[in-house]
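Examining the three-dimensional arrangement
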Amino acid sequence: MLTKIAVEKILDRALMGYDLSLEEGVVLLQQTDEEAIAAIRNTSDTLRHTQAGDTVTYIINRNINFTNICEQHCSFCAFRRDDGDADAYWLDSAQILEKATDAVRRGATEICMQGGLNPQALINGKSLPYYLKVVETIKQEFPHIHLHAFSPQEVEFIARLDGLGYADVITALRDAGVGSMPGTAAEVLDDKVRRILCPEKIDTATWLEIVSTAHKLGLHTTSTMLSGHIETHEQQIGHLEKLRSLQQTAINQGYPARITEFILLPFVGQEAPKPLRRRVGRDQPVLSDALLLGAVARIYLGNWIPNHQQSWVKLGLAGATEALLWGCNDIGGTLMEEHITTMAGALGGTCMEVESLEGAIASLGRPYQQRNTLYQKITSQVKGLRTSI
C-alpha cells in the first residue's frame, strides 16, 4: 500500500509539472504491479500530449554506415570487423555518393552517417581531412541535405589521432556541412557499466563534454540510451539525470543548440559476442521493460526534452507503435538501410516505407506529420486522422 501511495504521489507531482528526483525515478522503474504500471503509462501519455501534442512525427532519412572496420572491441557489438576480415568493408567516395543520390531521389531530408573507428581512414596522415572529405562529397552534390553525422566517440577519435581539441574538430565538421550530431556512443552513462560494456570507449565525462561543446558551437545533438543488458534501475535513472542536466545547461547558458530528442535503444544480443550474450541471458529486447523505461524517461525528461522515440529496428514496427501509447511522439525514420543493429540480430528490418510508418500511426487514431532533423514540419498540413484516443 505504501508503494502504491508513493507512486500516486510521484505521478501527481509529475502531472503538476515538477521534475522527478533520482529516487522517484527509481521507484517508478521498480514497479511490477499492473495497476501501477498502467498509471505510469497513462501519466506518460498525458505528459506527451501536453509537452509534444498528439501528432506523431517521422523523418525520411538514409543511414550510411561507411565502414565496419574498427579499432575498438565493445562487448555488445556484432558490427565491427578487423581490416582484412572477409566481410570487412570501407565505402569509397563514389559508393557514398551513390547512396546519397538514391536517398535524395527517394525524398530523404537527412543522411545519418556513422561508422567504425578505422585508423586507416586518413588523408596525408591525418584523420580530420578524411572525415571532411566524406562530408564534402555529399554536400557539394546536395547542399540542402541535412547531415546528421559522427558521434561523440568519432569526434574523440579524430581529435586523438590528430592532436586536436574537441572544439576544433566539431567546428571543422560544422563548417564543412555537418548539421547535427548523433547522441550515440552513450550506451549507459555510468563508468562502472562502460568498463564492462565498452572499456575502450570514451568515459561518461568525455561524452558529456563533447556533447556540451557541440551545443556551445551551435550543433544540435540527439540523445540515446542502450538499455536492457547489465545496467541497474539506478544506473538507468542516473543516465537520464545526466541528460537532463546537460539540456538544462544548454538552455540556462543560452547555448545556440541543444538536445533535440531522446531515443531508447533496447539491447539486441542475438549475434553479440558470447560473454555478454551469456551474461544478459536473452537475444531480443523485453518489450514490457522497454515500454516502462520509455514511459519513465518521458516523465523524467519531458519538461526539458519533449521529443521521444523508440527504435522500430530493435522493437519491430509493432513495438515502436505500442510505444506511442507510452509517451513517445515520434516513430523514427525510414533509414533505407541499417547495418549495426541488424548485424546484432534485430528482427525489425533495415528499411521502412513512409506508408508503413503512416499506417502504424493512423492505426492508433493519431495524426502524422513528416519532420526534418530539428523537428520542423516538412509540409504545411498535418496528415492523417485527428481522432483522439
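Residues numbered from 1 in each chain as written. Predicted model: local features only at pLDDT ≥ 70, side-chain atom pairs only at ≥ 80, totals over all residues. Heavy atoms only, no water.

For the rest of this paragraph, the subject is the environment of Thr204. Note that Thr204 resides in helix H9 (residues 204-216). Separated by 35 residues in the primary sequence, Thr204 and His239 place their C-alpha atoms 9.5 Å from one another. Side-chain polar atoms of Thr204 contact the backbone nitrogen of Asp190, separated by 3.3 Å. (Helix = DSSP H or I, 4+ residues; strand = E, 2+ residues; numbered from the N terminus. Polar contact = N/O pair within 3.5 Å; in protein donor to acceptor, adjacent residues only side chain to side chain.)

Bringing the nonpolar core into the picture now. Ranked by size, the top nonpolar core spans 108 residues in total, and within it Met113, Phe150 and Trp207 carry the most contacts. In terms of residue count, the dominant contributor to this core is helix H12 (residues 287-301) (ten residues). Leaving out residues up to four positions away in the same chain, Met113 has contacts with Ile64, Phe66, Ile96, Val134, Ile138, Leu147, His148, Ala149 and Phe150. (Core = buried A, V, L, I, M, F, W, Y, C linked by side-chain atoms within 4.5 Å. Buried < 20%, exposed > 50% of the residue type's maximum accessible area, 1.4 Å probe, protein only. Contact = heavy atoms within 4.5 Å.)

Next up on the list: the pattern of salt bridges. Note that side chains of opposite charge can pair when their charged atoms are close. Taken as a whole and assessed by the stated rule, the structure comprises 15 salt bridges. In this structure, Lys201 engages Glu187 in a salt bridge whose closest nitrogen and oxygen atoms are separated by 2.3 Å. With Lys201 in the loop between helix H8 (191-197) and H9 and Glu187 in the loop between strand S5 (178-181) and H8, this pair connects stretches of sequence that are 14 residues apart. Note on Lys201: relative accessible area 17%, which makes it buried. On the basis of relative accessible area, Glu187 is assigned to the buried category, the value being 8%. Put simply, Arg62, Asp102, Arg105 and Arg106 are held in one network by salt bridges that share partners. (Salt bridge = Lys/Arg side-chain N within 4 Å of Asp/Glu carboxyl O.)

Before going further, it helps to spend a moment on empty space enclosed by the protein. Evaluation of the coordinates by the stated rule reveals two cavities of 30 Å³ or more. Here the second largest cavity is characterised by a volume of approximately 30 Å³. Considering the residues around the second largest cavity, the lining is formed by Ala149, Phe150, Val155, Ile170, Leu173, Val178, Met181 and Leu219. Residue assignment for the lining of the second largest cavity shows that the elements contributing at least two residues are helix H7 (166-176) and S5. Of the residues belonging to the lining of the second largest cavity, the class tally is eight nonpolar, no polar and no charged. (1 Å grid on protein atoms, 1.4 Å probe; cavity = no way out; pocket = protein on both sides within 12 Å on 5 of 7 lines; lining within 4 Å. Points joined across faces, edges and corners; volume = space filled by probe spheres on them. Nonpolar A, V, L, I, M, F, W, Y, C, P; charged D, E, K, R; others polar.)

Time to look at the UniProt feature "binding site: [4Fe-4S] cluster" (unreviewed entry) in the protein. In the UniProt entry, the feature "binding site: [4Fe-4S] cluster" (unreviewed entry) is given for Cys70, Cys74 and Cys77. Along the polypeptide, Cys74 turns up in the loop between strand S2 (61-65) and helix H4 (93-105). (UniProt positions renumbered as here; feature names shortened; annotations may be inferred.)

What sets the pattern is the α-helix's 3.6 residues per turn: residues three or four places apart point alike. With 19 residues, helix H3 (residues 34-52) should reach 27 Å at 1.5 Å per residue; the first-to-last C-alpha distance of 26 Å fits that figure. Looking at H3, one finds that the buried residues are Ala36, Ile37, Ile40, Thr43, Ser44, Asp45, Leu47 and Arg48. Where H3 starts, the residue carrying a side-chain oxygen 3.1 Å from the main-chain nitrogen of Glu35 turns out to be Asp33. (Expected span 1.5 Å × (residues − 1).)

Our next topic: the layout of surface pockets. In this model, the largest pocket occupies a volume close to 370 Å³. Forming the boundary of the largest pocket are 21 residues, of which His233, Ser288, Asp289, Ala290 and Leu293 lie nearest the centre. For the lining of the largest pocket, the secondary-structure elements that each account for two or more residues are helix H10 (233-252) and H12. Broken down by element, the lining of the largest pocket gets its largest block of residues, five residues, from H12. Among the residues forming the lining of the largest pocket, the class breakdown is ten nonpolar, eight polar and three charged.

Below, the discussion takes up the side chain of Thr222. Along the chain, Thr222 turns up in strand S6 (residues 220-227). The class of Thr222 is buried, set by a relative accessible area of 4%. A polar contact of 2.7 Å, which involves the side chain of Thr222, links it to the backbone nitrogen of Gly183. Look past the residues within four positions of Thr222 in its chain and what remains in contact with it is His148, Met181, Pro182, Gly183, Ile259, Thr260, Glu261 and Ile263.

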